[in-house]
Amino acid sequence: MSDLKLPIYFDYSATTPVDARVAEVMTHYLTVDSHFGNPASRSHAFGWSADEAIDTARGQVAALVNCDPREIVWTSGATESNNLAIKGAAHFYQKNGKHIITCKTEHKAVLDTCRQLEREGYEVTYLDPETNGLVDLNKLKAAFRDDTILVSIMHVNNEIGVIQDIQAIGELCRENKIIFHVDAAQSAGKVDIDLSKLKVDLMSFSAHKIYGPKGIGALYVRRKPRIRIEAQMHGGGHERGMRSGTLATHQIAGMGEAFRIAKEEMHAENARFLALRNRLYNGLKDMEEVYVNGDMDHRIAGNLNISFNFVEGESLIMALKDIAVSSGSACTSASLEPSYVLRAIGRSDELAHSSLRFTIGRYTTEEEIDYTIGLVKKAVDKLRDLSPLWDMFKDGIDLNSVEWAAH
Amino acid sequence: MPYMTGIYGNPSSVHRFGRLTRDALEQARVQVAQCVGAEANQVIFTSGGTEANNLAIKGSLLNQALASIAVSPIEHACVLEPAKAMAKLGWKLDLLVVDDQGRVVTDHLKSTMTAETRFVSVMAANNETGVLQDLAHLVEVSKSVNPDVLFHSDACQMLGKLPISFKQLGLDLMSVSSHKLYGPQGAGALIVSRSIDLQPQILGGGQEKGLRSGTENLAAIVGFGRAAELATETQQARKEHVQKLQQQLVDSLIDQPGVTVFSSQAERLPNTVQFSVQGIDGETLLMQLDRKGFAVSSGSACDSGRTDPSHVLLAMGIDDMIAKGAIRVSFGEQNTSEQIVQFIDVLAQIRQQFN
């Protein structure tokens, strides 16, 4: 336990540190002795070298997901990409219909955008996932209507890490001439993506989930067959009119480098994450009343979402001050509502409340995993000792049959 | 740098990593607020000036019944384009008139505005000519016609060059950007007075009090905050430095035959000179200057892929041919007086080539 540094970070799905190699590339585009020009300045050398950097980054992002660099539109992050994809396509194709299909476990950036479109007169079907977190293709097919214009299903879920079958969903959508958008913020660099084979029309990416900087993302917009979107931010006409605003050269260069590293190291890294994840899982799974949330097979290597029955999630997080984990996604974690994702896969409020999401990343060590197993076990045991519900459970009382007196 | 590799939490996370970044975010909010004379809780961080302008216009109008808006014709495209988008939705769009120096004509504003005018947008300082508007006066005139009108100003070019106070000017909305202030690209803010019911344009996650979702670009925002703080401290010194250079350049240009210096009779930003040389197309001139090592621009960087004459100069009634020759020189604290002398020399050489 010589060089174990506390607190330990297990929240790589919320955000990642910038890889030192990425930071190094970014500094080249920031300060005065470097390439700080505005890439839209076509008229001078400062602008040109910034433009070159952006072309390079566009190529690097495209290479990871095997698409044409011209299909990449820079945005300020995956939230904006999701907004642009969904509103942009819905507005552009509204003459073809006003029905959209998505899933209840999507990120808020997708769900809130769909809610907004409902206020504008669109109809949205929110599919229920199966208890393993995956979308049933038959249920999806059953939801198709003549006026369905768009399906938005995320590739990897941010809370439970399950991987949807976007290949099959894409085929279904294409057969029915429906545009298919995929939020890939949590999958790029973690799962193989080949856009030359997938029937995906729009795909959202983020840099800060794979060791790039915050504040930069991209939207893939298919060229063949051509997909059109209505711009959501106007002025300047950057990104072929699809997204205006000065491009942040250092951020884009950083995202490119992060994607380049991901392409090179993803497979080796996944093998390592899987070993660490399984070590953590094996260390916890024999405790009483623990439940893994989401499918264990169709799941990214670095995610373990696990509920400890009879323990209150917030107290557990408080008791685990030495590790940084989340219960529910970061964006909603300031609220005390149980995770809507866990509710959607059929978990009770109690189990949803007592969930922890561990996400493992580039800097996680075996030592950290072992330390954490001990820490979690101790904290759960201690909290259960204080819990009258736990006592009742141990005495064999079926808590569901208990009629609680009103306060 | 520490916010990229060292302090890397997501500001929305409840754990220690998240808390540290949240504190940094709030500190930056205070720094930006102090720089622009606003309260910290009036600052909404965005991905830059373009997004701030889009949010200001669409966010305050999309939930209102159709009426009319008035916008100056010399605005940046990221104000003009959203304004046109509103016009497409059925809003009446009135373009204000500017005089030959590029200043909004007050009488015209007064006669254009009606009780139906919900929104006025006039930039604080123009990005091409550098001309300054008398915002306090324009706000007063607008509110005298319709006390409920929202007055927005794009202050992206103003920030860090001259002091500006959101509160004192009586503005309702103001857009600012980091990278024109020696801060990093990728961060900006919309300053919003508390009485406005703004409709968010990017949804999901509920950051920035629900007004702008998406994980905050922390490193850029912290850089923005620090740049804003430095600007407040060093603005005066920087202003004196660039103003001297500006004066030196204008003095050398103004008497040259065939040279037009734009907005020379008006109050301008201390760092900008826009001029045109008769007989040489702006694009050509700047390619020549670039070959000799001078990076200048023909106008707005965003429009520089195009060769149309500047909409700003045309609005001022400048002749097409003269407008086509326009180049913009803008100074920073790294420029020197010797560079100006060299620039004038090189310009003379180029003019000789073209004669």
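Heads up: the structure comes first, above all this text.
Residues numbered from 1 in each chain as written. Chains lettered and ligands numbered in written order. Predicted model: local features only at pLDDT ≥ 70, side-chain atom pairs only at ≥ 80, totals over all residues.

Describing the overall build of chain B
Part 1 of the argument: Secondary structure summary: chain B contains 12 helices and 10 strands in total.
Part 2 of the argument: Along the first, second and third principal axes, the C-alpha atoms of chain B reach 65 × 55 × 35 Å.
Part 3 of the argument: Per-residue burial for chain B yields a buried fraction of 56% across its 355 residues.
Part 4 of the argument: In chain B, the share of contacts with a sequence separation of at least 24, taken over all contacts with a separation of at least 6, comes to 69%. (Helix = DSSP H or I, 4+ residues; strand = E, 2+ residues; numbered from the N terminus. Buried ≥ 20, exposed ≤ 12 C-beta atoms within 10 Å, placed from the backbone. Contact = placed C-beta atoms within 7 Å.)

A few points about the pairing of strand β6 (residues 173–177) of chain B
All names here are of chain B.
Part 1 of the argument: With 5 of its 5 residues buried, β6 lies for the most part within the structure.
Part 2 of the argument: Residues L173, S175 and S177 line one face of β6 and the alternating positions M174 and V176 line the opposite face, and both faces are buried.
Part 3 of the argument: Of the pairings in the sheet, the one linking strand β5 (residues 150–154) to β6 comprises 3 bridges and is parallel in character. In the sheet register, S153 faces β6, and the bridge partner there is M174.
Part 4 of the argument: Two elements, β6 and strand β7 (residues 188–192), share 5 bridges in a ladder whose sense is antiparallel. Bridging across to β7, S175 finds its partner in L190. (Pairing = 2+ DSSP bridges.)

Points about unusual backbone geometry
Part 1 of the argument: Following A:L6, the chain continues to A:P7 via a peptide bond in cis, the omega torsion being -5 degrees.
Part 2 of the argument: The topology assignment puts A:P7 in the segment before β1 (8–9).
Part 3 of the argument: A positive phi angle is found at A:E289, which is not glycine, with a value near 50 degrees.
Part 4 of the argument: Its place among the elements puts A:E289 in the loop between α7 (249–284) and β9 (290–292).
Part 5 of the argument: A:E289 gets classed as partly exposed once you count the C-beta atoms within 10 Å, which come to 15.
Part 6 of the argument: Phi at B:S263 is positive, roughly 55 degrees, even though this residue is not glycine.
Part 7 of the argument: The exposure class of B:S263 is buried, given the 26 C-beta atoms found within 10 Å.

Concerning the sheet that holds β9(A)
All names here are of chain A.
Part 1 of the argument: Spatial strand order, β9-β10-β12: 3 strands in an open sheet with antiparallel pairing. The outermost strands of the open sheet, each flanked by one partner alone, are β9 and β12 (355–359). Pairs of neighbouring strands in the sheet enclose a mean axial angle of 25 degrees, with direction left out of account.
Part 2 of the argument: As paired strands, β9 and strand β10 (residues 303–308) are joined by 3 bridges and run antiparallel to one another. Opposite Y291, over in β10, you have S307 as the bridge partner.
Part 3 of the argument: Where α7 meets the sheet, it contacts β9, β10 and β12, and its direction lies at approximately 15 degrees from that of β10. (Axes fitted to C-alpha atoms, helices over the stretch in contact; angles between N-to-C directions.)

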